Amino acid sequence: MNDLRTRLARLLVEKSYREGDFTLTSGRKSDYYFDCKQTALHAEGSWLIGSLFNELLRDVPVVGVGGMTLGADPLISATTVISHERGRPLAGFIVRKQPKGHGTDQYVEGLANFAPGDPVAMLEDVVTTGGSLLKACERVEAAGLRIVAVCTVLDREEGGRQAIKDAGYDLISIFTRKELVDAARS
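What counts, and at which threshold
Residues numbered from 1 in each chain as written. Predicted model: local features only at pLDDT ≥ 70, side-chain atom pairs only at ≥ 80, totals over all residues. Heavy atoms only, no water. UniProt positions renumbered as here; feature names shortened; annotations may be inferred. Axes fitted to C-alpha atoms, helices over the stretch in contact; angles between N-to-C directions. Helix = DSSP H or I, 4+ residues; strand = E, 2+ residues; numbered from the N terminus. Parallel < 35°, antiparallel > 145°, perpendicular 65-115°, else oblique. Left-handed = near helix turned anticlockwise from the far one by under 90°. Contact = heavy atoms within 4.5 Å. Nonpolar A, V, L, I, M, F, W, Y, C, P; charged D, E, K, R; others polar. Buried < 20%, exposed > 50% of the residue type's maximum accessible area, 1.4 Å probe, protein only. Arc of directions from axis to C-beta. Pairing = 2+ DSSP bridges.

Going by an unreviewed UniProt entry, the protein carries the name Orotate phosphoribosyltransferase and comes from Nitratidesulfovibrio vulgaris. Check the Sequence similarities (unreviewed entry) section of the UniProt entry for the protein; it says "Belongs to the purine/pyrimidine phosphoribosyltransferase family. PyrE subfamily." In its Function (unreviewed entry) section, the UniProt record describing the protein reads: "Catalyzes the transfer of a ribosyl phosphate group from 5-phosphoribose 1-diphosphate to orotate, leading to the formation of orotidine monophosphate (OMP)."

Structural data, given as structure tokens:
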């Protein structure tokens, strides 16, 4: 797993990590920006992320993974495909920012692959304050699924982990910012 983390760290720093003056989704200012989609949409990056999320969830009793569109979409696809290859197929679901407005008018897509109460993991690309992730968690629980794990590629270590813990979940991250920078240099 360490070799995979090192490979992913190098790719994330190359494709997704930018230093400068940025405004984050939370409204906070930051001296760096992490655009995980650039790596998650890269062939090797997708494979590495899917492999590492499967490793993180290896001993967690889940039947599926999901998260808020758009950031989690490639993470979900990568994780479900790798799970099938590994003989532990996980279904995927996507949480909409707004209900569809027609048809079933629901926030969560992919529910046909689940039964009420099924244990699932939430996936996120970057956690800063945890606000959007917690909103997605509320919608998933309202749809009848039970969240037993919350995973992210990068924990910015800016309060999100505590907010997620306060909501009753533990955050499992592939990297913190410091771990990412250190791993990319190794």
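Peer 1: Explanation requested: the packing of helix 3 (residues 43-56) against helix 4 (residues 73-85) in the structure shown.
Peer 2: Two measures define how a pair of helices packs: the angle their axes make with one another and the distance between the axes. Put simply, helix 3 and helix 4 touch, their axes get as near as 8 Å, and they point 65° apart. With respect to helix 4, the axis of helix 3 lies roughly perpendicular. In this structure, helix 3 meets helix 4 at a crossing whose hand is right-handed. Contacts between helix 3 and helix 4 involve Ser-46, Trp-47, Ile-49, Gly-50, Ser-51, Phe-53 and Asn-54 from the first element and Leu-75, Ala-78, Thr-79, Ile-82, Ser-83 and Glu-85 from the second. Residue composition of the contact of helix 3 with helix 4, grouped by class: six nonpolar, six polar and one charged.

Peer 1: Help me understand the environment of Met-1, please; the structure alone is not making it clear to me.
Peer 2: Inspection of the secondary structure puts Met-1 in the segment before helix 1 (2-15). Met-1 sits in the partly exposed class, given a relative accessible area of 48%. If near-sequence neighbours (up to four positions away) are discounted, Met-1 is found in contact with Leu-52, Glu-55 and Leu-56.

Peer 1: Whenever I open this one, helix 7 (residues 177-185) confuses me. Can you help?
Peer 2: An α-helical segment advances 3.6 residues per turn. Residues three or four places apart therefore align on the same side. Taken residue by residue, helix 7 has Leu-180, Val-181, Ala-183 and Ala-184 as its buried positions. Along the axis of helix 7, the buried residues cluster in a sector spanning 165°; they form a single face. For helix 7, the exposed residues lying more than 90 degrees away from the buried face are Lys-178 and Arg-185. Residues of helix 7 that are buried sit in contact with helix 1, strand 1 (17-23), strand 2 (29-34), strand 7 (146-155) and strand 8 (171-176).

Peer 1: Please explain the sheet that holds strand 6 (residues 119-127) as it appears in this structure.
Peer 2: The pairing of strands in a sheet comes from backbone hydrogen bonds and takes either a parallel or an antiparallel form. Taking strand neighbours across the sheet as the criterion, the six strands line up as 5-4-3-6-7-8 in an open arrangement whose pairing is mixed. Because the sheet does not close on itself, it has two edges, and the strands there are strand 5 (108-109) and strand 8. Sitting on the sheet, helix 3 is in contact with strand 6, strand 7 and strand 8, with an inclination near 140° to strand 8.

Peer 1: Is there a simple way to think about the pairing of strand 2 in this case?
Peer 2: Both faces of the sheet carry side chains from a regular strand, because those side chains alternate between them. Across five bridges, strand 1 lies against strand 2 in antiparallel orientation. Across the sheet, residue Phe-22 finds its bridge partner in strand 2, namely Ser-30. In this structure, the hairpin formed by strand 1 and strand 2 is closed by a connection of five residues, where Gly-27 is found at a positive phi of approximately 95°.

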